[in-house]
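Architecture and fold: a report
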Amino acid sequence: MTDNTTRLDHIVLWVRDPLASAGFYEKSVGMEPVRLTDFSVGEAPFPSVRVNEETILDLMPLAMAERMTMLPGAVESSGHPVNHVCLSLPADRFDALRSRLQEQSVPVTDLSHDSFGARGLARRSFYFRDPDGNVFEARHYD
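Residues numbered from 1 in each chain as written. Predicted model: local features only at pLDDT ≥ 70, side-chain atom pairs only at ≥ 80, totals over all residues. Heavy atoms only, no water.

Digging into the packing of aromatic side chains
Two aromatic rings are characterised by how far apart their centres lie and by the angle between their planes. Definition in use: Between 30 and 60 degrees the pair is tilted, below 30 it is stacked and above 60 it is edge-to-face, where a pair is any two Phe, Tyr or Trp rings, Trp via its six-membered ring, whose centres lie within 6.5 Å. Accessible area is worked out with a 1.4 Å probe on protein chains only. A residue is then buried under 20% of its type maximum, exposed over 50%, and partly exposed in between. A ring has a charge above it when a Lys NZ or an Arg CZ is no more than 6 Å from the ring centre and no more than 35 degrees off the ring normal.
Following the criterion strictly, the structure yields five aromatic pairs and no others. Ring geometry for phenylalanine 126 and phenylalanine 128: centres 6.0 Å apart, planes at 40 degrees, overall tilted. On the basis of relative accessibility, which here comes to 2%, the residue phenylalanine 128 falls in the buried class. When the ring of phenylalanine 128 is compared with that of phenylalanine 136, the centres are 5.6 Å apart and the planes differ by 15 degrees; the resulting orientation is stacked. For the pair phenylalanine 128 and phenylalanine 136, one class covers both residues: buried. Among the aromatic residues, those joined into a cluster by ring pairs are Phe24, Tyr25, Phe94, Phe126, Phe128 and Phe136. Against the face of phenylalanine 46 rests arginine 35, its NZ or CZ located 4.8 Å from the ring centre. Over the face of the ring belonging to phenylalanine 126 we find arginine 98, whose NZ or CZ atom lies 4.8 Å from the ring centre.

Rendered as structure tokens:
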């Protein structure tokens, strides 16, 4: 990628308990928490978890939904208007994620093969939910 290409910066997920959600993403999914301490002491409105060096998931407290007034209809976005978020990983990290989720007793779907995505056909993929019901797909292309 070149520096002038459009990239995905962040996705905001509505969650009931941001600290518990951050713990899930850290322990079960293997993501690094961001601003967790700042959120815990009231200095940040929400914590995040790092997907990669360029992308984070913001864990927005569902209680803040009524304050979402930056755009008409934003308050109504609380809930689950997104079908799913897809994480693309190298094969070894894909396998490690699936193992971690199963060790944490997180239900996962059967493996699918050759599903289409941004980089063509993925060799394998599966789905899982976070504690707030957000649906994730994990896949690898290599």
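Moving on, there is more to tell.
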